[in-house]
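Chains, contacts and geometry: an overview
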Amino acid sequence: MGDDQKKVIAKVGGTEVDVSTAVRDIRGIEDLVKESVETTWSENLVNQIKVWLTPFTHASDIAEWDKILLERFPPLYTATVKECQDCFQGPCDLEKGKGACGINLETFQAKLSLQSACKGLAAHLSTCKELLEHCIKEFGEDRELKWGKTLVYGLMNVNILISNSPKTLREVREALTYAEGQLSELLSAANVGRESNIISLESKALHAGSVLLFAMELTEWLKFSMFDFTWAPDKELLEIPAYPEPITEAGLGSVDRSKPVIVFIGNDFLPAWMAVKYMKDNGLEDKIEVGGIGAVGHDMIRFHEQAKLLISATKANKVLRLGLGDVVVVSDPCCRVDALEEAARTDSKVIATSLNATYGLDDRSLDPVDEIVGDLEKDTLAVLISDQKKAGEVAVRLVQKMKAKRKDSYLLTTEEIKGYASKCTDCDACFRACPASLVSGKVLKAAKEGDLTGLADICDKSTYCGKCEDACAEGIPLMDMFLAANPQAIEADNFRMRAGRGAITSNEIRDIAITMFSMPSAVAILGCGNYPGAASEVAQMAKEFVESNYSVSVAGCIAQDVASYKDPKTGKTLYETYPALYNPRCLTNCGGCSAQALTSTAPFYKLGYIAFRNPYKSAFAQEADFIYRFAAAVVIWGPATDLSYAVAAAHARAGIPVIVGPYGSKFKRYLLGNKYDRSKWWMVHGNKGYRKETAPAPEHLLIPVETVDEVIALVPKLSFTLQEMETARQGKFDLYLNAYKKRFGEWPDDWQLFVSKDMELPVTKKPKMLRLLSDEHGWEIDKKRGRILKVKHRDGRLMEVGDFVAEYGFQSGQYITCLDRLVYQIRKDRQ
Amino acid sequence: MVLTPDETAKLIKEEKRRLLVAGSICGTLEVGGKKLLDYVVDMAKLTDTPIAATGSTMFQLKDNKEVKAKKMMAADLVNFLRVEKWEEPLTPERPELLVFLGFYPEVARMLVSTIGDQKTMVLDNRYFDSATYSAPDLSFEQWAEFLNKTIDNLGK
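None of these values were measured; they are calculated from a predicted model.

1. A closer look at the overall build of chain A
Secondary structure assignment for chain A yields 31 helices and 26 strands. By the compact-globule yardstick of 28 Å for 831 residues, chain A fits well, its C-alpha radius of gyration being 28 Å. For chain A, the spread of C-alpha atoms along the principal axes amounts to about 85 × 70 × 65 Å. Per-residue burial over chain A gives 57% buried out of 831 residues. Put simply, 73% of the contacts in chain A that link residues at least 6 apart link residues at least 24 apart.

2. A look at the overall build of chain B
Looking only at helices and strands, chain B has five helices and eight strands in total. When the helices and strands of chain B are placed in sequence order, the string is α-β-β-β-α-β-β-α-β-α-β-β-α. Seen through its C-alpha atoms, chain B measures out along the principal axes to roughly 45 × 35 × 30 Å. For chain B, with 156 residues in total, the buried portion stands at 51%.

3. A word on the pairing of strand E1 (residues 9-12) of chain A
Residue and element names in this part refer to chain A. In E1, alternate side chains face the same way, and those of Ala10 and Val12 are buried while those of Ile9 and Lys11 on the opposite face are not. Direction of pairing for E1 relative to strand E2 (residues 15-18): antiparallel, over a ladder of four bridges. Following the sheet pairing, Ala10 is matched in E2 by Val17. Once E1 ends, the chain turns through two residues before running back antiparallel as E2, passing Gly13 with a positive phi of about 60 degrees.

4. Regarding the packing of helix H28 (residues 708-718) of chain A against helix H29 (residues 726-744) of chain A
All names here are of chain A. At their nearest, the axes of H28 and H29 sit 8 Å apart, and the two run at 160 degrees to each other. Taken together, the axis directions place H28 and H29 in an arrangement best described as roughly antiparallel. As H28 packs across H29, the resulting crossing turns out to be left-handed. Contacts from Asp709, Ile712, Ala713, Pro716 and Lys717 in H28 reach Lys732, Leu735, Tyr736, Ala739, Tyr740 and Arg743 in H29. Residues of the contact of H28 with H29, tallied by class, amount to seven nonpolar, no polar and four charged.

5. A few points about the interface of chain B and chain A
Facing the 33 residues of chain B at the interface are 35 residues of chain A. The set of elements that each furnish at least two residues to the side of chain B that touches chain A consists of helix H3 (74-82) and helix H4 (105-114) of chain B. Here the side of chain B that touches chain A takes seven residues from H4(B), the largest share from any one element.

6. Here's the deal with unusual backbone geometry
All names here are of chain A. Between Tyr243 and Pro244 the backbone carries a cis peptide bond, its omega angle lying at -20 degrees. With respect to the element layout, Pro244 can be found in the loop between helix H7 (198-227) and strand E6 (248-250). One non-glycine residue with positive phi stands out, namely Arg613, at about 50 degrees. Mapped onto the fold, Arg613 is located in the loop between helix H25 (601-612) and helix H26 (620-627).

7. As for the sheet that holds strand E4 (residues 51-53) of chain B
All names here are of chain B. Spatially, six strands are ordered E5-E4-E1-E6-E7-E8 in an open sheet, and the strand pairing comes out parallel. This sheet does not close on itself; its edge strands, each paired only once, are strand E5 (69-71) and strand E8 (133-134). As judged from the five bridges shared by strand E1 (residues 18-22) and strand E6 (residues 97-101), these two strands associate in the parallel manner. Looking at the pairing, Ala22 lines up with Leu101 of E6.

8. Overview of the domain arrangement of chain A
Assigned domains of chain A: these are domain 1 (1-53), domain 2 (248-405), domain 3 (414-476) and domain 4 (757-808). A separation of 30 Å is found between the C-alpha centroids of domain 2 of chain A and domain 3 of chain A.

9. So, the nonpolar core
Ile525(A), Ala542(A) and Val40(B) are the most contacted members of the largest nonpolar core, which totals 338 residues. Considering every element that reaches this core, the biggest residue donor is H7(A), with 15 residues. Leaving out residues up to four positions away in the same chain, Ile525(A) has contacts with Met541(A), Ala542(A), Val552(A), Val554(A), Ile558(A), Val562(A), Val635(A) and Trp637(A). Residues Cys84(A), Ile103(A), Leu105(A) and Phe108(A) belong to the second largest nonpolar core, which totals seven residues.

10. Digging into the packing of helix H2 (residues 36-47) of chain B against helix H5 (residues 140-155) of chain B
All names here are of chain B. At a closest axis distance of 9 Å, the pairing of H2 and H5 adopts a crossing angle of 15 degrees. Classified by the angle between their axes, H2 and H5 sit roughly parallel to one another. Along this stretch, H2 crosses H5, giving a crossing that reads as left-handed. Here H2 contributes Tyr39, Asp42, Met43, Leu46 and Thr47 to the contact with H5, which in turn contributes Leu147, Ile151, Leu154 and Gly155. Residue classes in the contact of H2 with H5 are distributed as six nonpolar, two polar and one charged.

11. What to know about the sheet that holds strand E23 (residues 780-782) of chain A
Residues and elements named next belong to chain A. Across the sheet, which stays open at both edges, the three strands sit in the order E23-E24-E25 with antiparallel pairing between neighbours. Each having just a single partner strand, E23 and strand E25 (798-800) make up the two edges of the open sheet. Across the sheet, the axes of successive neighbouring strands diverge by a mean angle of 25 degrees, strand direction being ignored. In this sheet, E25 lies alongside strand E24 (residues 787-792) in antiparallel orientation, the contact comprising three bridges. Across the sheet, the residue bridging to Lys792 is Leu798, located in E25.

12. Some points on the pairing of strand E18 (residues 658-661) of chain A
All names here are of chain A. Covered by surrounding structure in E18 are Val658 and Val660 together with Ile659 and Gly661, the residues of both alternating faces. Alignment of strand E17 (residues 632-637) against E18, held across four bridges, turns out to be parallel. Bridge pairing in E18 places Trp637 opposite Gly661. Bridge count for E18 against strand E22 (residues 702-704) is three bridges, and the pairing is parallel. Of the residues in E22, the one forming a bridge with Val658 is Leu702.

13. Describing helix H4 (residues 105-139) of chain A
Relative to the 51 Å expected for 35 residues at 1.5 Å per residue, H4(A) spans 51 Å between its end C-alpha atoms, a close match to the ideal helical length. Two residues or fewer past H4(A), Gly140(A) is found with a positive phi of approximately 85 degrees.

14. Some thoughts on helix H8 (residues 270-281) of chain A
Residues and elements named next belong to chain A. The terminal C-alpha atoms of H8 lie 16 Å apart, and with 12 residues this matches the ideal 16 Å at 1.5 Å per residue to within 8%. Taken together, the buried positions of H8 are Leu270, Pro271, Ala272, Trp273, Met274, Ala275, Val276 and Met279. Just downstream of H8 lies Gly283, where phi reads positive at about 65 degrees.

What counts and how
- Within any chain, residue numbers begin from 1 and follow the written order of that chain's sequence.
- Chain labels run from A onward and ligand labels from 1 onward, assigned in the order the entries are written.
- In view of the model being predicted, local features appear only for residues whose pLDDT reaches at least 70, and side-chain atom pairs are presented and counted only at 80 or more, with totals across whole chains, interfaces and linings using the full set of residues.
- Only runs of H or I of at least four residues qualify as helices and only runs of E of at least two qualify as strands under DSSP, and these elements are numbered from the N terminus.
- Atoms counted for the radius of gyration: C-alpha only. Globule rule: 2.2 Å times residue count to the power 0.38.
- Working definition of burial: number of other C-beta atoms within 10 Å of the residue's own, with buried at 20 or more, exposed at 12 or fewer, and partly exposed in between, all C-beta atoms being placed from the backbone.
- Residue pairs are scored as contacts if the distance between their C-beta atoms, which are placed from the backbone, is within 7 Å.
- Two strands pair under a simple rule: DSSP has to find at least two bridges between them.
- Only the stretch in contact is used when fitting a helix axis, every axis being a line fitted to C-alpha atoms; angles between N-to-C directions are given from 0 to 180 degrees.
- Note on terminology: angles under 35 degrees are roughly parallel, angles over 145 are roughly antiparallel, angles of 65 to 115 are roughly perpendicular, and the others are oblique.
- In this scheme the crossing of two helices becomes right-handed for a clockwise turn of the near helix relative to the far one and left-handed for an anticlockwise turn of less than a right angle.
- Three classes are used, and their members are as follows: Ala, Val, Leu, Ile, Met, Phe, Trp, Tyr, Cys and Pro are nonpolar, Asp, Glu, Lys and Arg are charged, and the others, Gly among them, are polar.
- Throughout the structure description, domain borders are defined by an automatic or database domain assignment.
- Structurally, a nonpolar core is described as a collection of buried Ala, Val, Leu, Ile, Met, Phe, Trp, Tyr and Cys residues joined by way of C-beta atoms within 7 Å.
- By this rule the span expected of a helix is its residue count minus one, scaled by 1.5 Å.

Here is the structure:
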């Protein structure tokens, strides 16, 4: 933009600001920029820092922030793929040296990282686009969208990138055009001969995450606005603790198998919506069971009270092998690619509905319903019907005919189990193939003798990926054996949960702004539920956090697993026990896959504005700089797809530490801090502009773990902030040290890095902490009175407490920042 | 390199700076009538090697005074091995050989792929081509024999 750019004046209080220089290129968006500044910037702020916005944000607009993060938490790669086959000059073995284009192994890993994030973004963008196109066809593009009674600031993940939330379907389309443009730009950077710098590649991967949350939030909003999904912002605050009622039946045992059963799989709820509508129109609601697997299941329970949420998408094979669905409707993504083959084993009929996952079938959308139902009733195993309305009708009409044609049970008999077990040669190939190390020849040997306890134990723990069966040279149907060994567990898999509630309201944020200084932190548990072991472990993790006063929110397939624990005394699940607020000691389920955009970033952007008047419109770096200083954590448990990779990237970029497990090792790239490298831990005084060394908090931005125990021990540590009130720090020390001791039998070796004065030490642990500070860390302690006399600085100096506090870290209440441009200047109007 | 028990013991003994890394299933998985963790402890005692216990395995080692062990997140282990300025109380010097036992396959694969300059040895019953040294594919019976023979050789 040239220097002859005309001034664009925004009025903020009594101050006039020329915002023509507040963005890279203001042409065409003058009104948007002006409105953004006038509505979200305070007069104080426009006079103290340079106004800077990044409307329709590109990755490079946030590079200043990304570089700070990636310098402090440098990307670390698990280079399991070392041969680049990205172009026709290769393949190049990068372990041996540079590739033909000049790329080295580490840059190649960064490129793979960007590609993963882009794939994750693309997967959801296409879902969102499909939903939008349907809405436009149904309602017209001028249709105005409703917000809900209390959603004051609009869509925060959207505002943060494009300055405004769309008001009509046409504007949603424009917003998605921005997102699609970003995807294409990012993916093109991952092409051969393009971006070559690791930090720049990673910055783009992080951006793909931010754009993903943008698209997910739009999807969530369409679901409420156009399809009346449950939506807390449409409720008054006093209704929200019990909203929605925890009455949704979930689990495989919740299905009434005396009725015809339709099972929906995937991430497109429209076929299910259409089927339910057809059922309602024809008075069939009580005659047919509908259940959903994965994202579609989480959506179904938000618009149809009688729908059953069956299981997470990664464990869909358990349902297919059981033969639970007389008719199975598959959309995309998150469907097994062998769903047809698996469904055929139990005579289930399949209706595919997505043009992104056609299974090689011809689209029969133009054929009459009677003809399609007739074909499926006979020999046809599966059809593709991309017209969702027709797919819904076919499913309902077909299922009523299929019920009588199928067996009551497809489980193996005990004799059949023993017969298959006797084929085992004890080679243990199944064990070596199992990602969860569950099944082995020993288990089959016992089964051969009639002891099915080993198989029964696996029934609940397996993800039913099928690798064991594939590895078995004898062709033993191991997954069928797990299921048949424990039908009681399947019946007992029946519990009540809250359906998702959508966005966090401004009223809840207002309240948490008051309590945030005394609570440990806000924790979100997200993910696909792709992990071995019992779902109740995840519920125990949520329980631990809720009961330790965290604000806990959940979203994604994992939200169902949180319900799988029942209190032995009350028989109630966590959803039935704790209020559904975004507050300490509460548990709120935001919803399915797309609701992962609602649990952490959106409320924190809102918190930044409500509590600190931090502008949120196209001010990503400013908001992330704010969030980075507060206590929050995201746990992604059981990621299964690239979408989780991008979700993790988005949260990390917003300054929220992310813990990934138990298959976090597959994430390929971590963002680990080094607590011992003092040069990495600093902040800038927000008024005076100088840098000071700080404690290493949060220690990591993206860290893999193996067990739930590690999560419970790590979250309190990652919740340490740089400016904590003493009571809050005491509480976090208590949680951190207790969790470590209880789970690993010892205290951690790094707690002392977070101590600066005695007031921070929890009373019950103070004597031991002081003794260790004295004996093992060289601090000078008044052992008689139990006081710190001199602190051992990390550079080796023994210092008076007051001197140390003045030199190391910042006091609570002091404004600090990572970005020099955000240092407050003396107000221009008062100079 | 695919290992035999003889070679395993020889390689472990030859390397002065070594670290045993006990994975999250060490404390639960039984092979040949004893837990994998017992094999790790036997190796540690015979060779005076410290144990980095990942997952929740440390809880079972907390009262064992015969070995030097510490809870370590996999990420801490990677940091210890790769970054400058790391202060590790378990063993001040960076090990040259890391011996892994009791890991889910993907976790083991991640660790050996991430570790840069050190030699890695995986003694689980799957062959890991990305490790410097690995036990071959083994049945449980062969695995127990492999581990027992290795321990016998370490004691010689």
